[in-house]
Amino acid sequence: MQKIVITICSINYLAQAKTLGDSLLKHNPDYQFLIGLVDRLDQSAIEKSQLPNYPLIELHTIGIEDLDQMCAKYNITELNTAVKPFFLEYVYATYADAEIVHYFDPDIIVYQPLTIIEDALKTNSLFLTPHITSPYPDENRPQERDHLNTGIFNLGYLGTRRTENTAKFLTWWKDRLRDHCYIDLANGMFVDQIWTNFAPVFYDDVYVSRHLGLNMAYWNLHERSITNDQEPYEINGNTPLIFFHFSGYSPENPSEISKYQNRYTFQEKGDVASLFDFYAQALIKNGHHEYKKYPCFYIKPEVVVPRKRFLRVRKYLSLPFRLIIDFIDRVKL
């Protein structure tokens, strides 16, 4: 049985992807690690010798028929998430022996074998992790209402097994993300995540895990603490840490846990400080400062409206109001 993990990123995130792959294979040597690249190597100045020693699957090679249209309407965050089910389907089609395929965001480190997930997938098609398993204690960010906007489940991780229901789910998910993968909270969209709220309803073999060691991240630090000083790490004294998601963290701002939260600093959550220190060092060692210099091929240049054109449009838009005012003034006379 072949087991695969795929991540998705652009060239500027290859340090994160390599760090993920190294940690995965350290604890799960029976896995194959793939990188879905939302970028074009033939359009980049990067040298082949600079690329990580993992298979890279470029987006334009996986056969998305309307890829140009998707690239035209989505920003880079939306595009990276919209292509997720397409990459998963491609892996199943290309690797005929693959029975288990996990998706991980590149900004994750794996600390243990993925046995607990594999056991659940023996009798289920999909494996989901909720952002939180208990209420927040205060009004700091994030809040439960934030997850109502962005999704109950965090799709930085998704586990799948080769089944008929997985194929149906990926087909349905692809159909939704082709046209509805925007960051548009007012219209009920937050990239790929909100759609998977339906997964446990539409399919009867979806496993929702409340294991505290899966997908630990800034959004659930209120309920999870690291209670020992070295690997294997434990959460709350009795739960092994399987993987940690460093969402919103940047080595350029090492004192901030995540740009998406304001509940904790490292002074208040010193238990996770060593994890972040190691992660920052690993990213730098794996080329973060070099990779981040490369622009993504799919990032659309910002359209700047010339000021003269703006002033001309404003002038003509105001003409009807001027005519009305002139007419009123003439009537008064």
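A. Structural context of helix 7 (residues 164-179). In a regular helix each residue adds 1.5 Å, so 16 residues correspond to 22 Å; helix 7 covers 24 Å between its end C-alpha atoms and thus fits that length. Residues Asn 165, Thr 166, Phe 169, Leu 170, Trp 172, Trp 173, Lys 174 and Leu 177 constitute the buried set of helix 7. Those residues of helix 7 hidden inside the fold are in contact with helix 2 (67-73), helix 3 (76-82), helix 4 (84-94), strand 6 (126-128), strand 7 (157-161) and helix 8 (199-202).

B. Representation of the packing of helix 4 against helix 7 in the model. Relative orientation of the contacting elements helix 4 and helix 7 amounts to 145°, with a least axis distance of 8 Å. Every pair of crossing elements has a handedness; the one defined by helix 4 and helix 7 is left-handed. On helix 7, the residues touching Lys 84, Pro 85, Phe 86, Leu 88, Glu 89 and Tyr 92 of helix 4 are Thr 166, Leu 170, Thr 171, Trp 173, Lys 174, Leu 177 and Arg 178. For the contact of helix 4 with helix 7, the per-class residue count stands at 7 nonpolar, 2 polar and 4 charged.

C. Representation of the sheet that holds strand 2 (residues 31-37). The 7 strands are arranged 3-2-1-4-7-6-10 in an open sheet whose pairing can be described as mixed. Each of the sheet's edge strands pairs with one partner strand only, and the pair in question is strand 3 (56-58) and strand 10 (206-208). Strand-to-strand twist in this sheet, taken as the mean axis angle between neighbours without regard to direction, amounts to 20°. Pairing of strand 1 (residues 2-9) with strand 4 (residues 98-104) involves 5 bridges; the strand directions are parallel. Bridge assignment links Lys 3 to a residue of strand 4, and that residue is Ile 100. Helix-sheet contacts for helix 1 (residues 14-27) involve strand 1, strand 2, strand 3 and strand 4, and the interaxial angle to strand 2 is about 170°. Contacting strand 1, strand 2, strand 3, strand 4 and strand 7, helix 4 crosses the sheet at an angle of about 155° to strand 4.

D. Structural detail: the packing of aromatic side chains. If you walk through the whole model with that rule in mind, you get 26 aromatic pairs. Note on Phe 33 and Tyr 54: the rings are 4.9 Å apart at their centroids and 85° apart in plane angle, and the pair reads as edge-to-face. Pair noted here: Phe 33 is in strand 2 and Tyr 54 is in the loop between strand 2 and strand 3, with a separation of 21 residues, a long-range link. Pair check on accessibility: Phe 33 and Tyr 54 agree, each one buried. The interplanar angle of 85° and the centroid separation of 6.4 Å between the aromatic rings of Trp 172 and Trp 195 together place this pair among those described as edge-to-face. Of the two residues, Trp 172 is situated in helix 7 and Trp 195 in the loop between strand 9 (189-190) and helix 8; the sequence distance between them amounts to 23 residues. Exposure remark for Trp 172: the relative accessible area of 12% places this residue in the buried category.

E. Representation of the side chain of Ser 23 in the model. By the secondary structure assignment, Ser 23 is in helix 1. Taking the relative accessible area as the measure of exposure, Ser 23 reaches 9% and is therefore buried. Among the polar contacts listed, one links the side chain of Ser 23 to the backbone oxygen of Leu 20, at a separation of 2.8 Å. For Ser 23, the residues in contact, after removing those within four places along its chain, are Ile 108, Ile 109 and Val 110.

F. Structural context of helix 1. Taking 1.5 Å per residue, 14 residues should reach 20 Å; helix 1 reaches 20 Å between its end C-alpha atoms and fits that length. Among the residues of helix 1, those classed as buried are Leu 14, Ala 15, Gln 16, Ala 17, Thr 19, Leu 20, Gly 21, Ser 23, Leu 24 and His 27.

G. The arrangement of the pattern of salt bridges in detail. For the structure on display, the rule yields 16 salt bridges. Note that Arg 178 and Asp 66 form a salt bridge whose closest N and O atoms lie 2.6 Å from each other. Separated by 112 residues along the polypeptide, Arg 178 in helix 7 and Asp 66 in the loop between strand 3 and helix 2 bring together distant segments of the chain. Between Asp 175 and Arg 176 there is a salt bridge, and its shortest N-O distance comes to 2.4 Å. When its relative accessible area of 41% is taken as the criterion, Asp 175 is described as partly exposed. Residues participating in the shared-partner salt-bridge network are Lys 3, Asp 30 and Glu 118.

H. Examining unusual backbone geometry more closely. Residue Pro 142 is reached from Arg 141 by a cis peptide bond, and omega for that bond is -5°. Among the structural elements, Pro 142 can be located in the loop between strand 6 and helix 6 (144-150). The amide bond that connects Glu 231 to the next residue, Pro 232, takes the cis arrangement and shows omega of -5°. Within the secondary structure, Pro 232 is located in the loop between strand 10 and strand 11 (234-235). Of note in this structure, Asn 215 is not a glycine but carries a positive phi near 60°. One can find Asn 215 in the loop between strand 10 and strand 11. Unusually for a residue other than glycine, Asn 236 sits at a positive phi of about 55°. Looking at where Asn 236 falls in the secondary structure, it is placed in the loop between strand 11 and strand 12 (239-240). Here Asn 236 falls in the partly exposed class, since its relative accessible area comes to 34%.

Reading the values: rules and limits
- Residues numbered from 1 in each chain as written.
- Predicted model: local features only at pLDDT ≥ 70, side-chain atom pairs only at ≥ 80, totals over all residues.
- Heavy atoms only, no water.
- Helix = DSSP H or I, 4+ residues; strand = E, 2+ residues; numbered from the N terminus.
- Expected span 1.5 Å × (residues − 1).
- Buried < 20%, exposed > 50% of the residue type's maximum accessible area, 1.4 Å probe, protein only.
- Contact = heavy atoms within 4.5 Å.
- Axes fitted to C-alpha atoms, helices over the stretch in contact; angles between N-to-C directions.
- Left-handed = near helix turned anticlockwise from the far one by under 90°.
- Nonpolar A, V, L, I, M, F, W, Y, C, P; charged D, E, K, R; others polar.
- Pairing = 2+ DSSP bridges.
- Phe/Tyr/Trp six-rings, centres within 6.5 Å; stacked < 30°, edge-to-face > 60°.
- Polar contact = N/O pair within 3.5 Å; in protein donor to acceptor, adjacent residues only side chain to side chain.
- Salt bridge = Lys/Arg side-chain N within 4 Å of Asp/Glu carboxyl O.

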